[in-house]
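# Results of the structural survey
Each chain, written out:
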Amino acid sequence: METQTLEKIIAEHPYFAGLEPEYTSLLVGCASNVRFDAGRYLWREGEEANQFYLIREGRVAIEMMPPHRKAIVVETVGEGEILGWSWLLPPYTWRFHARAVEMTRALALDGKCLRNKCEQNHDLGYELLKRFAQIINHRLDATRMQLLDLYGKR
Amino acid sequence: MANAEIDPMMPRPWVVRRISKETPDTFTLALEPSDGGPSGRGGFQPGQFSMLWVFGVGELPISISGDPAEEGSLTYTVRSVGPATQALVSHGAGQSVGVRGPFGTGWPVAGAEGKDVVVVAGGIGLAPLRPVIYHVLRHRDRFGRLVILYGARSPRDMIYRKELAAWARHKDTQVLSTVDYGGVAWRGRVGVVTSLFKYLRLQPARTTAMLCGPEIMMRLVARELAARGLAAGDVYLSMERNMKCAVGSCGHCQWGPHFICKDGPVFSYAHIAAMLDRYEL
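Predicted model, so just to flag it, every value in this text is computed and none were measured.

Each helix and strand counted, chain B has six helices and 16 strands in total. The C-alpha atoms of chain B give 18 Å as radius of gyration, which agrees with the globular expectation for 281 residues (19 Å, within 12%). Here the C-alpha coordinates of chain B stretch approximately 50 × 45 × 40 Å along the principal axes.

When you go through chain A residue by residue, the secondary structure sums to four helices and eight strands. Start at the N end of chain A and walk to the C end: the helices and strands fall as α-α-β-β-β-β-β-β-β-β-α-α. Relative to the globule expectation of 15 Å for 154 residues, the C-alpha radius of gyration of chain A, 16 Å, shows essentially globular dimensions. The principal-axis extents of the C-alpha atoms in chain A amount to approximately 50 × 30 × 25 Å. Counting across all 154 residues of chain A, residues that qualify as buried make up 31%. A separation threshold of at least 6 residues defines the contact pool for chain A, and within that pool the share at least 24 residues apart is 73%.

This brings us to the sheet that holds strand β11 (residues 189-190) of chain B. Residues and elements named next belong to chain B. Spatial ordering of the open sheet is given by β11-β9-β8-β7-β12-β13-β16, a layout of seven strands whose pairing is mixed. The open sheet has two edge strands with one neighbour each: β11 and β16 (266-268). Bridge count for strand β8 (residues 146-152) against strand β9 (residues 173-179) is seven bridges, and the pairing is parallel. For Tyr150, the partnering residue across the bridge sits in β9 and is Ser177. Against the sheet, helix α2 (residues 126-138) makes contact with β7 (116-122), β8, β12 (207-212) and β13 (235-238), and its axis sits at roughly 155 degrees relative to β7, the strand it touches most.

Attention now moves to the domain arrangement of chain B. All names here are of chain B. The domains assigned to chain B are domain 1 (12-103) and domain 2 (116-276). Distance from the C-alpha centre of domain 1 to the C-alpha centre of domain 2: 22 Å. Contacts between the two partners involve 21 residues from domain 1, matched on the other side by 20 residues from domain 2. Elements with a contribution of two residues or more to the side of domain 1 that touches domain 2: β1 (12-23), β3 (49-54), β4 (58-63), β5 (74-79) and β6 (96-103). Top contributing element to the side of domain 1 that touches domain 2 by residue count: β6, with three residues. Counted by class, the side of domain 1 that touches domain 2 contains nine nonpolar, eight polar and four charged residues.

The next subject is the interface of chain A and chain B. Contact residues are listed per partner, giving 18 residues for chain A and 22 residues for chain B. Of all the secondary structure elements, the ones that give two or more residues to the side of chain A that touches chain B are β4 (59-64), β5 (72-78) and α4 (122-148) of chain A. In terms of residue count, β5(A) provides more of the side of chain A that touches chain B than any other element does, six residues in total. Of the residues that constitute the side of chain A that touches chain B, the class distribution is eleven nonpolar, three polar and four charged. As judged from the two bridges shared by β5(A) and strand β10 (residues 182-183) of chain B, these two strands associate in the antiparallel manner. Across the sheet, residue Ile72(A) finds its bridge partner in β10(B), namely Gly183(B).

Attention shifts here to the sheet that holds strand β2 (residues 26-33) of chain B. Residue and element names in this part refer to chain B. If you walk across this open sheet you meet the six strands as β4-β3-β6-β1-β2-β5, and the pairing is antiparallel. On the outer flanks of this sheet lie β4 and β5, each paired with one strand and no other. Between one strand axis and the next, the sheet turns by 40 degrees as a mean value, whatever way the strands run. When β3 meets β6, the two strands line up antiparallel, connected through four bridges. Pairing of Trp53 across the sheet is with Gly98, part of β6.

Let's shift gears to the environment of Thr194(B). Considering the arrangement of structural elements, one finds Thr194(B) in the loop between β11 and β12. For the pair Thr194(B) and Val78(B), spaced 116 residues apart in sequence, the C-alpha separation works out to 25 Å. Residues within four places of Thr194(B) in sequence aside, it is in contact with Met145(A), Leu220(B), Val221(B) and Glu224(B).

Counting through the fold element by element, Lys198(B) comes out in the loop between β11 and β12. In this structure, the C-alpha to C-alpha distance between Lys198(B) and Ala110(B), residues 88 residues apart in sequence, is 28 Å.

With that settled, consider unusual backbone geometry. Residue and element names in this part refer to chain B. In this model, Gly101 is joined to Pro102 through a cis peptide bond whose omega is 10 degrees. Looking along the chain, the bond that leaves Gly264 and enters Pro265 is cis, with omega of 10 degrees. Looking at the element boundaries, Pro265 is found in the loop between α5 (260-263) and β16. Positive phi is not limited to glycine here, since Tyr160 has a value of about 55 degrees. The phi torsion at Asp172 lies on the positive side, around 55 degrees, for a residue other than glycine. Along the chain, the position of Asp172 falls in the loop between α3 (161-167) and β9.

To continue, consider the nonpolar core. Residues and elements named next belong to chain B. Leu52, Val119, Leu211 and Tyr236 are the most contacted members of the largest nonpolar core, which has 113 residues in total. Two domains share this core, each providing at least three of its residues, namely domain 1 (12-103) and domain 2 (116-276). Those residues in contact with Val119 that lie beyond four places of it in its chain are Leu129, Val132, Ile133, Val147, Ile148, Leu149 and Met210.

A separate point is the environment of Glu71(B). Topologically, Glu71(B) is positioned in the loop between β4 and β5. Between the C-alpha atoms of Glu71(B) and Phe44(B), which are 27 residues apart in sequence, the distance is 9.7 Å.

The rules behind these values
- Per chain, residues are indexed from 1 in the order of the written sequence.
- Key to labels: chains lettered from A, ligands numbered from 1, both in the order written.
- Two thresholds apply to this predicted model, a pLDDT of at least 70 for residue-level local features and 80 or more for giving and counting side-chain atom pairs, whereas whole-chain, interface and lining totals are computed over all residues.
- Helical segments are the DSSP runs of H or I of at least four residues, strand segments are the runs of E of at least two, and each set is numbered from the N terminus.
- Note that the radius of gyration is over C-alpha atoms, with the globule rule given as 2.2 Å times the number of residues to the power 0.38.
- Note on burial: count the other C-beta atoms lying within 10 Å of the residue's C-beta; 20 or more is buried, 12 or fewer is exposed, in between is partly exposed, and C-beta positions come from the backbone.
- A pair of residues counts as a contact when their C-beta atoms, built from backbone coordinates, are separated by no more than 7 Å.
- Only strands joined by at least two bridges in the DSSP assignment are considered to pair.
- The angle between two axes is taken between their N-to-C directions and runs from 0 to 180 degrees, where each axis is a line fitted to C-alpha atoms and a helix contributes only its stretch in contact.
- For the domains described, the bounds stem from an automatic or database domain assignment.
- All amino acids are sorted into three groups, where Ala, Val, Leu, Ile, Met, Phe, Trp, Tyr, Cys and Pro are nonpolar, Asp, Glu, Lys and Arg are charged, and the leftover types, Gly among them, are polar.
- In this description, a nonpolar core means buried residues of the types Ala, Val, Leu, Ile, Met, Phe, Trp, Tyr and Cys, linked to one another by C-beta atoms lying within 7 Å.

Written out as structure tokens, the structure is:
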């Protein structure tokens with residue numbers, strides 16, 4: 001029952017739309033339901049990155065620790081979004097902290113397992129890379145907009 | 001458009017009835033007429049602006065941010081960024097301000113009837129759009145869904161925070177806000193205003209969008225709306241330039257073939273899309 005639900009969730013997610021059913025099944029095999037209470041860290045900067053999350057409910061803050069200043073939140077990731085791509089690219093370590101702002105439910109996908117499957121099946125690897133490239137592209141656009149400091153001085 | 005009985009170049013005396021702090025540098029002033037003249041009724045179209053004369057300092061174009069249905073007063077939200085705006089927000093209740101106007105084109109609220117209304121505001125750009133929100137909520141049955149997307153630099157820079165929360169409780173109204181940077185205590189969204197679009201289900205053929213904020217923000221939002229299927233003719237932007245006479249005579253606010261004060265400040269994206277991409281215009 002849970003497997004069917006996971007399959008449905010992944011198959012209907014916009015980032016995985018059009019994925020071959022056999023690849024969706026592979027993803028499901030690497031997926032599990034997780035829950036984080038508000039304030040809990042999903043990971044911290046420098047830790048090994050071996051998973052990504054499909055957020056189903058709640059909100060996660062991406063935090064940076066600027067030198068000599070308090071931590072700042074540079075982005076939040078919410079319902080329906082994908083969180084984390086450092087599992088896909090060497091050196092497979094997280095660059096920022098990720099903290100649940102509120103109680104968050106997600107599908108956790110085992111990135112290490114998927115990396116190995118992608119090495120064995122390059123078609124799967126290409127399909128995943130195309131999808132994650134879109135996410136990275138959107139985040140890069142958003143970061144450039146933030147750098148423009150649209151609303152003026154502090 | 002200025003009242004025909006009044007010389008549009010002659011400021012009329014109004015007094016500050018109330019001033020409230022929105023953010024550390026942004027204040028909302030409610031003015032009422034002190035001479036009982038014909039402009040004292042305070043009627044305006046959402047999106048119009050007034051020229052506010054700070055006696056002894058200078059004159060400023062400021063968008064009207066109050067309820068268009070409220071008679072006898074005009075409300076302005078002002079960010080203190082220079083000597084004239086600093087002097088204006090330093091006024092106390094009972095102090096006089098010269099008022100000319102209202103001037104300029106308004107938001108197409110009548111044309112948006114029967115359709116969904118998407119309001120996208122950045123920073124203090126929510127102020128010129130607030131009259132639209134009041135109007136739509138007052139005449140709720142005339143419009144489809146109301147979607148308010150609001151972006152600010154940080155939580156402390158957000159204006160009308162209580163009202164944003166109150167608007168979200170209205171039927172068929174969706175309010176999404178975000179900030180570019182947040183502290184760890186901030187529980188809301190962090191990300192640029194365009195990141196909010198992923199939470200929307202737009203019906204492009206029956207939607208009118210109204211944008212106000214920094215020009216580059218409006219340009220990027222207009223592109224995002226186009227990518228989501230909205231026709232350029234259904235997207236409206238409020239432009240800003242240095243305005244002086246407010247009646248299209250002096251040329252200070254000329255923008256290509258347009259005078260912002262007279263032909264704008266609200267323009268259809270269909271008419272100005274090409275100009276938005278030109279540098280130093």
